[in-house]
Every structure is written in C-alpha cells, then in structure tokens.
Amino acid sequence: MAAAHARPEECGDFLERLLSAAPALRRPQVNHRRLMAAACLDHVTELDPSVRRLVHDRTKNLVRPTSELGARSLGWVGPIVLELLPDPEQVPSDQQALLLALTATRVEDDAAIDYLARLRGRSSLAVRTELARPWRHFDTERYAREIIAHLDPDGVHFPVSDTAELAALRHLGGRPRVQVAGVIPVTDLMDGLDRDRLTHLWLNAEPTDPDMSWLSLFPNLRVLRVNPRLPRVRNVPEGVTITA
C-alpha cells in the first residue's frame, strides 16, 4: 500500500531504504525486505528506472527455492517473482523443476501460464501432477490449451472442479485418470467423462448422488478412489476396485 500510494520520488526512496544495508538484521530478514521490494513493483504506477533496476539486481539471485515449503511460500510475491525465478528450461534436475513449478503455480495470475508452459515437457510425474493441479486458478480454456494438452497423462489424475473444466478436458479427448475436485452433477459427469478412455476416477468432492450404478457406462473403468471423509458410495459396478 505504501508503494502504491506514494509519489514516484517517495516510492523510490522507500524501495531504496528497503534494499539498503541493515547490519542489525539477520540474513533471512534482509532477504524478506528484498522480496517485499520486489512485490511492490507490481503495485507502483511510476518509478525511476534506476530504482527498478536496483530491485532486480538485488533479487535476481535471491529467488531460487531450495525446499518445497520455501517454494510454496514465494507465491505471495506476485507475478514479479516469475521474472526473478531461474529459466525453467535451464534447470537440470526434476527436483529443481518441481520447486519452480510449486512457486509458479501459486502465482494466481495468468502471467504464470507462459512460465509454466516451459515446464510442461518434463517427464517427472511429480512435475506433471503439480502442473495439472492448479487449473482452477487460471483461465480455463487457455490453461487447457497451453498446459493440460501437453502433459503426458501417464499416472496423472487430472482435476476438474466445474463443468467448464470437464468440457475442456473432454474437448482434449478426455484422460484415463480424472479427479472430480468439485461438486458436479452426475448427468454432467456422464456426458463429460470419456466413456472409452476413463480407467481411474477419483471422487474428492461429495457426489450429488451416492449411487454409482452409472459407472457401468465406462467399460474400461478399473479403479474408483473415494475420499474417506465422504459418505459411503453404493452400487459400484462389478470389476471396479474401490480405494481410499
């Protein structure tokens, strides 16, 4: 708020103070001040270019997550963090790629899609699962087109939280494993899930009807995973294994 409401000179002075030497502070506190300065860039309307360069210079080697907890927590910085993260195509290990994905998927802005698209070719199941997870936080059609469509489906449960995502997934040809992450009417699931391709269905939201006899429409369905906190389902077709 201070950066957004300040006049250009005041904002520049404020950011320079955040970035100035602070011998009394420990390294994590200094890093936090620098990240605060970076986050402010998304809220200022006018700023001296030299101050903007200073912020980038002081943070360009700072935003490199080293743990899953740290990666998740960086999302609060906002879209500017995408400019500070390493180039995902230059990261050699899948573990490092996963950390970048954990940060970028928590930047709930469509600007993150361009960054995430550079991770979509990874073979790691953990990376592909993370890229599929945050679909609901972005533009449905664009995320489906630029991310979901390019993910190797092997082993990934693709989440759908509403009928728009269900329709988008069906438009892509469906997927063998689908996670129902939102309350979707049974009639929509019957129409939206691919009847020949579906092999694994995960009900992570309470079904509108616990009667599962409609699953007989899916001849290749083998596994029904049900959140143990949900009401018990009934009339599951023969040959379908129920897991928690």
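To start, this report covers the structure provided alongside it.

Cut-offs used in this document
Residues numbered from 1 in each chain as written. Predicted model: local features only at pLDDT ≥ 70, side-chain atom pairs only at ≥ 80, totals over all residues. Heavy atoms only, no water. Helix = DSSP H or I, 4+ residues; strand = E, 2+ residues; numbered from the N terminus. Contact = heavy atoms within 4.5 Å. Expected span 1.5 Å × (residues − 1). Buried < 20%, exposed > 50% of the residue type's maximum accessible area, 1.4 Å probe, protein only. Arc of directions from axis to C-beta. Pairing = 2+ DSSP bridges. Axes fitted to C-alpha atoms, helices over the stretch in contact; angles between N-to-C directions. Core = buried A, V, L, I, M, F, W, Y, C linked by side-chain atoms within 4.5 Å. Polar contact = N/O pair within 3.5 Å; in protein donor to acceptor, adjacent residues only side chain to side chain. Parallel < 35°, antiparallel > 145°, perpendicular 65-115°, else oblique. Left-handed = near helix turned anticlockwise from the far one by under 90°.

## A short note on unusual backbone geometry
Backbone geometry places Asn-235, a non-glycine residue, at a positive phi of 60°. The residue Asn-235 is located in the loop between strand 4 (223–226) and strand 5 (241–243) in this model.

## Here we look at the environment of Thr-241
Among the structural elements, Thr-241 can be located in strand 5. Put simply, Thr-241 and Arg-225 are 16 residues apart on the chain and 8.2 Å apart in space, counted from C-alpha to C-alpha. In this structure, Thr-241 is in contact with Arg-222, Val-223 and Leu-224, ignoring residues within four places of it in sequence.

## With respect to helix 2 (residues 8–19)
With twelve residues, helix 2 extends 17 Å between its outermost C-alpha atoms, agreeing within 8% with the 16 Å of an ideal straight helix rising 1.5 Å per residue. For helix 2, the set of buried residues is Cys-11, Gly-12, Leu-15, Leu-18 and Leu-19. Along the axis of helix 2, the buried residues cluster in a sector spanning 125°; they form a single face. Turned more than 90 degrees from where helix 2 packs its buried face, Glu-9 and Arg-17 sit exposed.

## What to know about the sheet that holds strand 1 (residues 158–160)
Judged by pairing direction, the sheet is parallel, and its five strands sit side by side in the order 1-2-3-4-5 without closing on themselves. Each edge of the open sheet is held by one strand with a lone partner, namely strand 1 and strand 5. If you compare each strand with its neighbour and ignore which way they point, the axes differ by 20° on average. Sheet topology places strand 3 (residues 200–203) next to strand 4; four bridges connect them, and they run parallel. Counted as the bridge partner of Leu-201 is Leu-224 from strand 4. Packed onto the sheet, helix 11 (residues 163–171) meets strand 1 and strand 2 (177–180) and runs at close to 140° relative to strand 1.

## Here's the deal with the nonpolar core
Within soluble globular proteins, side chains that are nonpolar tend to cluster in buried spots. Counting residues in each nonpolar core, the largest one holds 73 residues, and the members touching the most others are Leu-15 and Leu-201. For this core, the element with the most residues is helix 7 (residues 94–104), which contributes seven residues. For Leu-15, the contacting residues outside a window of four places in its chain are Ala-37, Cys-40, Leu-41, Leu-47, Val-51 and Val-55.

## Here we look at helix 9 (residues 125–132)
Helical periodicity: at 3.6 residues per turn, an α-helix aligns residues three or four positions apart in one direction. Within helix 9, the full set of buried residues consists of Val-127, Arg-128, Glu-130, Leu-131 and Ala-132. The inward-facing, buried residues of helix 9 contact helix 7, helix 8 (111–117), helix 10 (140–146) and strand 1. The backbone nitrogen of Ala-126 lies 3.3 Å from a side-chain oxygen of the residue at the head of helix 9, namely Ser-124.

## Some points on the packing of helix 2 against helix 4 (residues 49–59)
Where helix 2 meets helix 4, the axes come as close as 10 Å, and the angle between the chain directions of the two elements is 20°. Relative to helix 4, the element helix 2 is oriented roughly parallel. The crossing of helix 2 and helix 4 is left-handed. The residues of helix 4 that touch helix 2, namely those facing Gly-12, Leu-15, Glu-16 and Leu-19, are Val-51, Leu-54, Val-55 and Arg-58.

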